[in-house]
Amino acid sequence: MRASCNPRRRLLAALAVFALATMSHAVWAAFPDKPIRVLVPFPAGSATDTSARILGAEISKATGQPVIVENKPGANGSIATEQVAKAVPDGYTILLTSNTHLANKFLFKHIRYDPIGDFKSIALYKKPSPLVLVVGESSPYRSLAEITAAAKSAPGKLTYGSGNSSSHVAGEMYKQLIGSDILYVPYKGNPEALSEVAAGRVDMMFADATSFLPLMSAGKLRVIMAAGTERLPLIPNVPTAAEAGLAALKIGSWGMFLAPAGTPDAVADKLNALINAAVKTPAAARYFAATNSEGFAGTRKDLDNFMASESTKWGGIIRNANIQPE
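Residues numbered from 1 in each chain as written. Predicted model: local features only at pLDDT ≥ 70, side-chain atom pairs only at ≥ 80, totals over all residues. Heavy atoms only, no water.

Asks: Even after reading the chapter, I still don't get the side chain of Asn190, so can you show me in this structure?
Replies: Counting through the fold element by element, Asn190 comes out in helix α8 (residues 190–198). Accessibility expressed as a relative area gives 4% for Asn190, which makes it buried. Apart from residues lying up to four places away in sequence, Asn190 is in contact with Ser162, Gly163, Asn164, Ser167, Met205, Ala207, Asp208 and Ser211. (Helix = DSSP H or I, 4+ residues; strand = E, 2+ residues; numbered from the N terminus. Buried < 20%, exposed > 50% of the residue type's maximum accessible area, 1.4 Å probe, protein only. Contact = heavy atoms within 4.5 Å.)

Following this line, the structure appears as structure tokens:
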């Protein structure tokens, strides 16, 4: 539910949308003719941030215009998201976000924007990829069964970190499935949370591959299992949740670009084409291969349909995990 807006600001926003909508397609044919700002609701080093920088660099090469990535973490992604929702809908300020965007709809009673109505779909650039449960290398736990046994023997003693909504929901889902309590420790982003896990100050967390791979490669994290149905190519010896004895634990993350509602269709279509072309570049292909993820180049309608189905899915996961909106 959104807070009421200032009437004057509402009027100005409506006038801006009307002015943009009445401009001819020919005017927008030169888009972009100035820098594009991509707001990322998570900190530097997160999967979303890395995606923004790689795809942004390819878009910049194609257009000759800078693509400026701005990290605005905090409030489970709501700070950056609200800023984009209120931005001038001209395509020069857009959002690169994840399933956290839809999860927030069910996790918070009061957010100051409509996750669906205040945005225009631009592109789904990454298909869902499983989250992975990790612990610090010095942790005594080497399997999901060991963690589950410890959690059940001392409810509330173990801790799990999270820097976004998908990681948070995965932790709560795990708690519900095993019927025991694990203390939730929130952070502004997954890189910070993973550092705490690696240091042994937090017992575990569910993370995306981009975030945990550097610490795993440095010997600071141990991977326990992947919350999907198939083993991941980069960590082939790590079992799936089903193989680890908890088949119902299936959850992943994906990525998308959104623009403010009212962005002209001609601009949204141009952005979609630029992002799709960037996804198909060798640099992007290498990035996806290195992070156990798969790029996606589709239409804006594909993203509309995907968001509708994922909204239903995440709402169900959160309700079934008995996570109460804050």
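Asks: Explain empty space enclosed by the protein here, please?
Replies: Here the idea is plain: a probe the size of a water molecule rolls over the atoms and shows the empty space left. For the coordinates displayed, the defined rule picks out two cavities of 30 Å³ or more. For the largest cavity, the calculated volume is near 160 Å³. In terms of lining, the largest cavity is formed by 19 residues, of which the most central are Ala47, Thr48, Ser98, Asn164 and Asp208. Those elements that provide at least two residues to the lining of the largest cavity are α3 (47–63), β4 (119–130), α7 (165–178), α8 and β10 (252–260). Tallying contributions element by element places β10 first for the lining of the largest cavity, with three residues. Among the residues making up the lining of the largest cavity, the classes are represented as six nonpolar, eleven polar and two charged. By volume, the second largest cavity amounts to about 30 Å³. Lining the second largest cavity are Ala47, Lys126, Ser129, Asp208, Ala209, Thr210, Thr291 and Ser293. If you list the elements that add at least two residues to the lining of the second largest cavity, you get β4 and α9 (209–217). (1 Å grid on protein atoms, 1.4 Å probe; cavity = no way out; pocket = protein on both sides within 12 Å on 5 of 7 lines; lining within 4 Å. Points joined across faces, edges and corners; volume = space filled by probe spheres on them. Nonpolar A, V, L, I, M, F, W, Y, C, P; charged D, E, K, R; others polar.)

Asks: Sorry, what's going on with the pattern of salt bridges here?
Replies: Close approach of charged atoms allows side chains with opposite charge to pair. All told, the structure shown has 15 salt bridges when counted by the stated rule. Close ionic contact of Glu70 with Arg37 constitutes a salt bridge, the shortest N to O distance being 2.9 Å. Here the residue Glu70 occupies a position in strand β2 (residues 67–71), and Arg37 occupies one in strand β1 (residues 36–40), the gap between them amounting to 33 residues. According to the relative accessible area criterion, Glu70 is partly exposed, its value standing at 22%. Arg37 sits in the partly exposed class, given a relative accessible area of 25%. Across the salt bridge formed by Asp49 and Arg53, the nearest N and O atoms sit 2.8 Å from each other. Residue Asp49 and its partner Arg53 are both found in helix α3; the two are separated by four residues, about one turn of the helix. Judged by relative accessible area, which is 39%, Arg53 ranks as partly exposed. Residues joined in a network through salt bridges with shared partners are Lys120, Asp265, Asp269 and Arg300. (Salt bridge = Lys/Arg side-chain N within 4 Å of Asp/Glu carboxyl O.)

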